[in-house]
Structure formats: C-alpha cells, structure tokens
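Letter by letter, the chains look like this.
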Amino acid sequence: MAGKHSYEVFYTNMAGAIPCLSTVTSKLYQYDGSVPEGVINVKYLKDFLIQNNLPFIVSLSEDCSAIVAKREYDTASNSVMGVSLPMEANGLRNQKLAVVTDVKSIVDVFERFPRATLMLVVMAQPLVDGIPPIRILSFCTDNKFTAEDVTARMHTIITALAAEGILALVCSADGDAREVKFMRETEELGLPVPKSIPVGQEMLYTLKQKYFYFAALRIPCGISVQDPVHLVAKERMRLLRSEKFLAIGNFIASPVHLQTVMNQYDKSRHLLKPEDLNAHDKMNYGSAERLCQPHISQLLENVEGSEATQFYLRLMYYSSSSYLDKALSPIDRVYRIWYVAFSLRLWRYWITCDKAYTLAANFMTLNVYLCVEFNAHALVLMILALQDKPESFKPWLCTSQPCESYFRGGRSCTANYSTMINFTARDFLKCRCRKIDATIRLTAEGVKDGLSYPRFERPFDQPPNTKVWDMPSMEEMDIKIRLALTDAEEDLKKLGLRVSGKNNPDQIVTVFNRESSEDVSEDVLRVDADNDEFDALSAVMNGTFRDISKTHPVHSNIENTAFATIARSDGHIQVVSKQTICWFLEGIVWKNSRDRKWRFKGCPSGFFEKQKKITTVEKMTLKKGHWAVFITIDGKDYLLGQVLALVTVDGKINNYISEWRGDEKIEIRALCQWYDMERENGKFTGKLKRTFMFSNGYYSCKYYICTCPVPKVMQFDDGHCLMLDQTAVSQLSRFCKFQ
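Since the model is a prediction, treat every value here as computed from it, not as a measurement.

Caption draft 1: Seen up close, the overall build of the protein. When helices and strands are counted, the protein shows 23 helices and 22 strands. When the 739 residues of the protein are sorted by exposure, 52% land in the buried category. Entry remark: accessible area of the protein is about 34600 Å², with carbon and sulfur atoms responsible for 52%.

This is the structure in structure tokens:
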C-alpha cells in the first residue's frame, strides 16, 4: 500500500478494518529465516521446498549489485556492517571478524577491512513454474575475490545442499570473468582427454571421447549456464559497436540495415523503437528481444547487402529462444543452441585464418563466445541428468534472473514516490532482505491458491507451459547436433565463408585455445582500500562524545552491548554508543560507486531524428547510411558504397563518429559495402552490381566525391539488381568522368 507512516494513518481512520502495525510486523516475522552474513541458509530452503511440496532440485545463481559504501554498527549482531571481510578457504566470509567489543576492536575493523562496494547474493530457484527463488547466501564484498574463491564457494554450497538431499542441478551467472573461469575449469572446457583417466572418473570423459564436437566433462550437477538474457543483450551491444565491424565472409553485419528497415517500413510492421539502436543503453533487454524477432529478419530480406545482419540476428534469436522459449521441445532446443555454437566456431576459425581480420576487431568478445559454448554443453548435460525426471526440465528457470529480480525488489522497498533506490549493507541485510523474503514466501502461498503476480515476470517471460516432454537420448541429440553443423556450414557458405567442421574435426576444438591473449573479462569494478594516515584510535580516545554513563552505567558485560567505554585522562570512564564511534570513523560516506543512471544513459541529442531523404546527387555532410561515390586510389575509376560506419583514425585506435563534414583536420575513414557502377560504351547505365573486396576495411574519406539518392531494387530477366533513376544518372555526370 505505502510506507509505515501511511499505514498508521489508514489504521487510525479505519479501526477494525485492517490489523494494527504490530500485528502485521509479528506476522511477517513468522517468515523471517535470516541467517548471519556469509552463512548458507540451507534449512530455510529445505523448509520452503517441503512446505510447498516441491522437488528437491534447484538452480543456483550468483550476482552482485552496487550499494552505498558505508560502514555502520548493527546492534543485533554487535558488529560493523558494510566492510569487505577476507575470504575463507570455503569461499565464504567469516562474519565473526566484524564483531566489536570495545573501541579498539572497532578501530581495528575500520583499519583492517575496506569498505564494501557490492552486495553478493546467491539464489536457489526451484525448477517449478510460478515459484519464486529463495536467497540462501549474501555478503558484502569489494569485488576483489578470485575465480578460486568462486570455485570454493560453489563447491561449499553444492555440498551443503547435497547433505540435505537437495540437488543443485545448475550454476548460473551473467558472464563475470571469474565465473567464466570457474565454469571453464570445472567442466575442463576444451582440454584434451588425459592419457590416463583416474579410476572412478571414466564416466566424466565419455562424451569427450565419443563425440568430436563435445568439449566438456559429463558432470551430473553444478552444470554451468550463462544467463541467456544477459547473453543476447551482449550480442546486441556487439552488433551496435560500429567502430569494430563484424565481418562474416563477404558481408558485414551492421545496424545500418536495421535503420533502413525502420525508415522503409511503418512501425506497425517492424515494432522497433529508435532507442533499440542506441549503443549507450547497454542494459536494454527489451531492445534485444525486439531486434532478434524472426519478422525483423524477414523484412531485412528486402534490404540490399543485409545477409550477414540476418544471419547475426538468427544467432541472437537462437541463443535466447533455446533456453527461454517454453514451447520448444528439448531436441529443438539442442538444435538451436548448437547451431549457434558451430556457427561461431567456424566463423572464429575463418577469422584466425584470414590475415585481414582479427578476433578482437571483427568477432564477438571471447566472453560472449564462451557463454554460448557453456550453454550448448549445458543443455545436453541437463537433458542427460534429467532422463528420469523430465518434469524438472525447465531451462528458462536456469538463469541468473532470480538475482536481478531480488535486487529490483530491494530497490523498490521504499514508500510511494520515494527516490531512495540505493541502500547500505545494513539497510539491505537487516531491513529490505527480510521484507523481500517475506514477500517471496507469501507469493509462493498465493501461487498455490491460484493467484498471479505480474510484477515478478521476467524479461522474455511467456505463459506457463505444463507439458512434460520426453527426454531424448544422447544418440538422438547427436543426430540433431550433426544436422546443426551441416546447416551452419551451408548458411556460412552463402555468405562466402567456406570452412568445414566434418573434414577437420580438430578445428572445432582448437578454438578453445586456453593460451589465448584475448581478454575474457567484462567491466570489473575495482575499488582501492582506504589508506588512513592518521592515528584513528587516538582520534577516538581524544574525541568529544556525549557521555551516557548515567543512563547506561558500566558493567561486566558491556562489551556484548551496543555501548563501549572510553578512559579519559582524568580517570573518568565515559560510556559511548558504538554507532557513534562508527559514525565518527566513517567520515565522508562514499556515494554509490556504480550509479544506476550511468547504466541507462539516454539517447544522445539528435538520435531520434529521422534522416532527411536524399533526392539529388550532391556533395554534403556524409552520414552513416548514406549512399556515396568514392574515386579509386589510382584515380581511374569510381565505386559506390553504402556507408556502414565512420571512424577517426588515431594510431591503432578507431573512434566512432556519426558524420563527416569534410573540414576535419584528422583523418576520417568510412566502412562501406561496395557496388560497381555498370557502364556501356563508357556511359553509366544506372545499374549497380555488388562487388566483393578481398577483405572489408575502412576507406579514406578524402576520396569522397558525392552522395546519391537511395537506389531501388529492380527485377530483370537475369535476376534483380539495384538501380539509380535516370535523373540521378545524369546528375552524376557532373561529378564523375566515366571513361
């Protein structure tokens, strides 16, 4: 309804109609199963599964969210909260290190441990539709833990759940570099089968030995999955990075083709928004969903030169739908995700063989590529693990979205119209988490009674699917996977990319080269520890604080209370609140180190302006999407190309720009898809014939001649081609001297 004060107003004026605040509070405490920071709450999860008659199979997910970096004293635990404690051997934090008994212990905590900037949570999602996830672990961190810490933590959690009979089928993450490394090492992804397999581990290597395309261990639990929602959002961002173009055979995947669709067709047909092509908005999952819909690829069939963009959007669609489309059968899911995996393997291998291109500049990031590999192998492993439990096969629940939902709930736990979306560690763990946990338990009870909660629907969500599919055998999946390889090869050949995975099985595995110099990591926040140069203990001892010894006298057990003593120089023992000491030591509160406004930047000025239609041939400001004429370097011929990107060249760094006015002092280059201007007896006929360069690259704008109207697709006896009208042809004679 609203906040605490608003509820009191309602209760006062509606006596007897609603319960009093204390009754509501006591009711909510029945659902409070909180445990100390850094402790795995296995009992709470087990009770939840039993209470709701759920199977003992869950999907684990781990994620972090930024918090206000502020250290505060908590009376209930007699400890300082908001500090990043050292990681134990089991990958967890020991909250007892933050317990304080006197002034010296408080100062020690502030000096030894840095401020925490992130809150890490681990969620357990029961594999049943409509059931919310349960938080089983949370602690503060400064984001400096390692992949080894992640490995130890996941092993500890999976072991603790297994001890209570709970199977952690999947471990999901959102592409964090340490999570990727943990998953890669857990599944030995890409490593060859050892010459001597340890006794008792023969089953782990059965798939690697029998199927040339399989590169992971056959593990029965803790299967590695990367969140498909994050994955498709990263694929969208890679497409929109025009300064690093995606070369696929003879074609280029470019957002210009999508912009052309938006210009040519009514919004009722493409259903896109202008901000869908905004590269500043990195977290727009809705945009990724709209871009990869099949009807967009159908519209692109009428856009000249967009073959690579259609192929790329198909990869995006298959990456997400293989996990999130609830109507797909397991065997169709396997086909789609392995089609993506084979396409990327062959595309990546082709780039490594072509000296004109590099993986860093013309391919997806290694992080995105590995996420696809994890998901392809995970789908097969999940099907094999659930042969006897097909009702639990729900890959759309095996994501990291439970963590995202939990953090969204934490930021919305405020009164109506409040703008305080950020929180401190103490606020989150002691207040907001308890509210969210109670809401989750009440939501689960409501689901049993047939209630629907729209606010808990995730991106890409669809209506529940109650159908239980038969799990295919490995032999059946092998047939479908080999079909995906054949189809991927055929589709890549159409783009001019000719490689074969059947004739050269080694190239399918060597793409996992573990010595690669590519950077797997995404943006990782690093915060340095505090380096206080003054004597904090002396500052506290000599500080002026309110003496509360009259109301809270000194006693033998005062160290376990919320108060501490300070011995003054005159011999007087002063009693001070520990919260006051923490406030004094904290000094300036750090603002949220990852302000959410920067994650959702608005579109730059002029982004929504529709490009002016060009009707005549003239020399003008060159923009992305224009059809422009360039003279060849030798000055003997002309080429017409559609501009896909404009960059400034500064050494080895290319900076993307939106337009070229012609008066810039630095060198500007254009990326184009080129067309020959067909001539008869030295006269330009208006026909444009696609020409494929040895390699695609940037062409200097100093060779720019003029800009033309958009050519039209015309049908002839020998097929269709692009054609400029006679007015444009005659106007070109003023700029081009055809021979």
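What follows continues from the structure just given.
Caption draft 2: The arrangement of helix α22 (residues 578–586) in detail. For α22, the full list of buried residues reads Lys578, Ile581, Cys582, Leu585 and Glu586. For α22, the angular spread of the buried residues around the axis is 130°, confining them to a single face. One side-chain oxygen at the N-terminal end of α22 lies 3.2 Å from the backbone nitrogen of glutamine 579; it belongs to serine 577.

Caption draft 3: Up close: the packing of aromatic side chains. Overall, the coordinates contain 26 aromatic pairs when judged by the stated rule. Pairing phenylalanine 545 with phenylalanine 584 gives two aromatic rings, centres 5.4 Å apart and planes at 85°, and the pair type is edge-to-face. Residue phenylalanine 545 is found in the loop between α21 (536–541) and β10 (563–567), and its partner phenylalanine 584 is found in helix α22; the two are separated by 39 residues along the sequence. Chaining the aromatic ring pairs together yields one cluster made of Tyr211, Phe212, Tyr213, Phe214, Trp338 and Phe342. Arginine 153 extends its terminal NZ or CZ atom over the ring of phenylalanine 145, reaching a point 5.1 Å from the ring centre. Cation over ring: lysine 480 sits above tyrosine 335, and NZ or CZ is 5.8 Å from the ring centre.

Caption draft 4: Up close: the sheet that holds strand β5 (residues 134–141). In spatial order, the strands read β5-β4-β1-β6-β7; together these five strands make up an open sheet with mixed pairing. Of all strands in the sheet, those with a lone pairing partner are β5 and β7 (223–226), marking the two edges. For this sheet the average axis-to-axis angle between neighbouring strands, irrespective of direction, equals 25°.

Caption draft 5: Structural detail: helix α3 (residues 42–51). Val42, Tyr44, Leu45, Phe48 and Leu49 are the residues of α3 that are buried. Around the axis of α3, the buried residues are gathered within 165° of arc, so they sit on the same side. With respect to the buried face of α3, the exposed residues turned more than 90 degrees away are Lys43 and Ile50. At the N-terminal end of α3, a side-chain oxygen is found 3.3 Å from the backbone nitrogen of tyrosine 44, two or three residues along, and the residue is asparagine 41.

Caption draft 6: The pattern of salt bridges, seen in detail. Applying the stated criterion across every chain yields a total of 24 salt bridges. Aspartate 276 is the salt-bridge partner of arginine 290, the closest N and O atoms lying 2.6 Å from each other. Taken as a pair, arginine 290 in helix α11 (residues 285–291) and aspartate 276 in the loop between α10 (267–270) and α11 lie far apart in primary sequence, 14 residues in all. On the basis of relative accessible area, arginine 290 is assigned to the partly exposed category, the value being 21%.

Caption draft 7: Structural view of the pairing of strand β6 (residues 167–173). Extensive coverage of β6 is indicated by the burial of six of its seven residues. Pairing between strand β1 (residues 57–66) and β6: five bridges, direction parallel. Each bridged residue has a counterpart across the sheet, and for serine 59 the counterpart in β6 is valine 170. In this sheet, β7 lies alongside β6 in parallel orientation, the contact comprising four bridges. Residue pairing in the sheet places serine 172 in a bridge with valine 225 of β7.

Caption draft 8: Here's a closer look at the environment of leucine 45. With respect to the secondary-structure elements, leucine 45 resides in helix α3. For the pair leucine 45 and alanine 124, spaced 79 residues apart in sequence, the C-alpha to C-alpha distance is 7.8 Å. Excluding residues within four positions of it along the chain, leucine 45 makes contact with Ala124, Ile134, Ile136, Leu161 and Ile166.

Caption draft 9: Expanded view of the nonpolar core. Core analysis: the largest hydrophobic core is formed by 157 residues, its most contacted members being Leu60, Trp338, Trp347 and Met382. Filtering out sequence-adjacent residues up to four positions away, tryptophan 347 remains in contact with Leu246, Ala247, Ile248, Tyr312, Asn362, Phe363, Met364, Leu492 and Leu497. Within the second largest apolar cluster, 35 residues are counted, among which are Val617, Val643, Trp674 and Cys736.

Caption draft 10: Main features of unusual backbone geometry. Of note in the backbone geometry, asparagine 78 takes a positive phi value of approximately 55° without being a glycine. Tracing the chain through its elements places asparagine 78 in the loop between β2 (72–74) and β3 (79–81). Residues other than glycine seldom take positive phi values, yet asparagine 143 does so here, at roughly 70°. Of note, asparagine 143 is situated in the loop between β5 and α5 (147–163). Since its relative accessible area comes to 4%, asparagine 143 is described here as buried.

What counts as what
- Residues numbered from 1 in each chain as written.
- Predicted model: local features only at pLDDT ≥ 70, side-chain atom pairs only at ≥ 80, totals over all residues.
- Heavy atoms only, no water.
- Helix = DSSP H or I, 4+ residues; strand = E, 2+ residues; numbered from the N terminus.
- Buried < 20%, exposed > 50% of the residue type's maximum accessible area, 1.4 Å probe, protein only.
- Areas by Shrake-Rupley, 256 points an atom, 1.4 Å probe, with all protein chains shown as cover.
- Arc of directions from axis to C-beta.
- Polar contact = N/O pair within 3.5 Å; in protein donor to acceptor, adjacent residues only side chain to side chain.
- Phe/Tyr/Trp six-rings, centres within 6.5 Å; stacked < 30°, edge-to-face > 60°.
- Lys NZ or Arg CZ within 6 Å of the ring centre and 35° of its normal.
- Pairing = 2+ DSSP bridges.
- Axes fitted to C-alpha atoms, helices over the stretch in contact; angles between N-to-C directions.
- Salt bridge = Lys/Arg side-chain N within 4 Å of Asp/Glu carboxyl O.
- Contact = heavy atoms within 4.5 Å.
- Core = buried A, V, L, I, M, F, W, Y, C linked by side-chain atoms within 4.5 Å.

Coordinates in, geometry out; function isn't part of it.
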